[in-house]
Amino acid sequence: MAWLIALVLALPAVAAVAAWARNDVAARVSGAVLGAATFACCVAAAMVVAGSGPAEVTRWLRVDELSVIFLLATGFLYMVSAMYSAGLLAHTSDDVYRRRLLSGLHLFALAMLAVPVVNEIALLWTAIEVTTVISALLVMLEDTEPALEAAWKYILIASAGLGIALLATILMYFAGTVAFGAHYQPYLDLLARHAGTYPPVVTELVLVLAVLGFGTKVGFFPVHTWLPDAHSEAATPVSALLSGSLLGVSFYAILRYYVIARAAIGPDVPRRTLLGFGIATLLLAALYLLRQGNIKRLLAYSSIEHMGILAIACGFGAPLALAGMLLQVLAHAAAKSTAFFGAGALTLRFGGRDLSLMRGGLSALPWSGSMFLMAVLALAAAPPFGIFRSEFQIVLGGLSAGSYGPVTVMVVLVTVAFFGLALHATRILLSPLPPGVGRAEASPWTLAAMACGVIALLVLGIHPPTDLALLLERAASHLGAR
Amino acid sequence: MLAAAPVPSVFNGTAEVLAMVVLLATFAMFRTQLLRAQVKLYAVQSLFVSGLALAAAVTRGESELYVLAVVSAAVKVVAIPAVMRRLLDRIDGSLAGHEAFSVTTAVLVGIAVAAFGFFAVGALEVRTALLPRAALAIGVAVILESFLLMIARTDVPSQAIGFFSLENGVSIAGLVVATGMPLLLELLFLFDLLVAVVAFGVMMRTLHLRSATVSARGLERLRG
């Protein structure tokens, strides 16, 4: 296991160095190959955990059933983003831009892969802070005024949020001193095991600060305002990683605090806190999805919607809802990467991100248009894709927990979001092709990356692998499901 | 008969005074227009935070806290202000910051926010053997003031200094409630601060190259 985790962290670092190779093809292809190898290591690590339970490399690095779910999602996103980038940068003559984007992408993935692997509260915070710095520089790399503005908002708001999360980290350490004395190493598993002795008021404060602080990176209302701008102004593979993975790993940090708080103060306060943030976030996203005019902003608000659903599912607290929430993390990663790559292909074809420019997408881009349609339908929770299964589980879980009011609100808002996504997707894809716009297709790299996403969505929706189902069930039990 | 109030120890008194000076330095940042003067104030503020770490080290006699005080001073009193000054040298046309609202309003709101932070923490049952609880309340007040500074100023250097000042507030809170935190982790936070300096620095330079200003007022097209 130790070498698997070492490879998960070493391969993106090697790819970041290889991105500076003089040979353009070598730099691009090595990135895609190393991305695929990293994902293979993540799958192998998940299989080891499914077979023999949590594993430690050192006390600082540990993977359990909960962390491998997020490792799988990030590894998958990294692989497909590296594949997509190999195609996207094939025709770029600006060598400096290509090298910076590729190496930044690999380093960004490395920081995100580190988040679920570290087993210590300060390292967890540091890894998330590093993701902010690298991704903000990647947004800035686009060198346009809107990109600069988006990066500025992102750095400012995320840094302020992470300042709050740092306070949560320090107060968490303080709470632990009751059980371990003044000097101890704040390992996540250790903190969770002895949470029963922590002072309740401090633990409640820690939870709220962690949800608000890390929630800034997740995109919870009202600290979400950087998200649509940064996601829409970044290069497409960066948008995919931001949306499909960064939000997920930031939510993972919240889940780690949720586990500790639940053990310390009982389930009520943690569940109510996440339910409140989740419903407010979902409400905002559902309404904004109806009135978007930019394809990447549309997808960014869809990400906010899904983060709201994850928080609501955690708020329900029922085993089925928690397993559904974790399945949603994986399915959302697959759907969002495919949708962003399709949006990138449409943007290149129609010469802009404005939805009003895009007509006849299915005729202009038969393959990538079709896969984009499937990804959007998946995001709207249509069967037979993974998100349909996960949201179905969440709703059933909510009903079994007796949360009839929140379940009703969630179903209504998800339906509103469905109409928003479906309306825009049918307009841009199924309308007639304007005269003068020819038929063409995105690069084979783009199509391959999108196909991986569609296959993953179908597998997760129709018949998730047995080992994965087992992992989801056990990971849900880490969150308090019994 | 009234019971006599407990007399604070020399150490507690020193710690409270040092924390209070850090808060006053944050208030001074509101009044200061010149960006270089703000960097100086940040260096002074950081010096007192490092002094607080040193005071804690003397009290507990732990070598780790001495190392933390020295490294904290090297990073926050010397390195970060030096980097900021160097960045400001390159944008010599923009020496004054930009404000979203007047100094008077900012200071008045700042007093209200600091008072809120102070009394909110006072209501919490946080007891610690080493530092006085008032220092924790002052640390939280510094954090809230720094947020306000980031909102009140509309130029990137002042906002960056606001963020660094926020980290100083968290450092005070850390010294009060998490003094035993392993040195390696404390150093990790400082390293991370240096990484954040790089991001703010690149932002500042790019903005200045593009629009010959470090004011963020032109960046209002995107609507969240």
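(A) Summary view of the overall build of chain B. Scanning chain B for helices and strands turns up 7 helices and 0 strands. Element order for chain B, N to C, with α for helix and β for strand: α-α-α-α-α-α-α. Among the 224 residues that make up chain B, the fraction classed as buried is 46%. For chain B, the share of sequence-separated contacts (at least 6 apart) that also reach a separation of at least 24 residues comes to 78%.

(B) Representation of the overall build of chain A in the model. On a plain count of helices and strands, chain A comes out with 19 helices and 2 strands. Over its C-alpha atoms, taken along the principal directions, chain A stretches across nearly 70 × 50 × 45 Å. For chain A, the proportion of its 482 residues judged to be buried stands at 65%. Pairs at least 24 apart in sequence give 81% of the contacts found in chain A among residues at least 6 apart.

(C) Region of interest: the interface of chain B and chain A. Contacts between the two partners involve 38 residues from chain B and, on the opposite side, 37 residues from chain A. Elements supplying a minimum of two residues to the side of chain B that touches chain A: helix H5 (133-152), helix H6 (156-177) and helix H7 (183-211) of chain B. Counting residues per element, the side of chain B that touches chain A draws most heavily on H7 of chain B, which supplies 13 residues.

(D) The arrangement of the packing of helix H6 (residues 145-180) of chain A against helix H8 (residues 200-218) of chain A in detail. All names here are of chain A. Remark: H6 packs on H8, axes separated minimally by 7 Å, with the N-to-C direction vectors making an angle of 155 degrees. As judged from the angle between their axes, H6 and H8 are roughly antiparallel. Judged by the twist between their axes, the crossing of H6 over H8 is left-handed. Of the residues in H8, those touching H6 at Ile157, Ala158, Gly161, Leu162, Ile164, Ala165, Leu167, Ala168, Leu171, Met172, Phe174 and Ala175 are Val202, Thr203, Leu205, Val206, Leu209, Ala210, Leu212, Gly213, Phe214, Thr216 and Lys217. Here the contact of H6 with H8 is built from residues that sort into 18 nonpolar, 4 polar and 1 charged.

(E) Highlighting the confidence of the model for chain B. Chain-level pLDDT for chain B is 82 on average; 84% of the residues reach the 70-or-more range. On the interface metric, ipTM, the complex scores 0.88, and its pTM is 0.93.

Parameters at a glance
- Residues numbered from 1 in each chain as written.
- Chains lettered and ligands numbered in written order.
- Predicted model: local features only at pLDDT ≥ 70, side-chain atom pairs only at ≥ 80, totals over all residues.
- Helix = DSSP H or I, 4+ residues; strand = E, 2+ residues; numbered from the N terminus.
- Buried ≥ 20, exposed ≤ 12 C-beta atoms within 10 Å, placed from the backbone.
- Contact = placed C-beta atoms within 7 Å.
- Axes fitted to C-alpha atoms, helices over the stretch in contact; angles between N-to-C directions.
- Parallel < 35°, antiparallel > 145°, perpendicular 65-115°, else oblique.
- Left-handed = near helix turned anticlockwise from the far one by under 90°.
- Nonpolar A, V, L, I, M, F, W, Y, C, P; charged D, E, K, R; others polar.
- pLDDT = per-residue confidence, 0-100.

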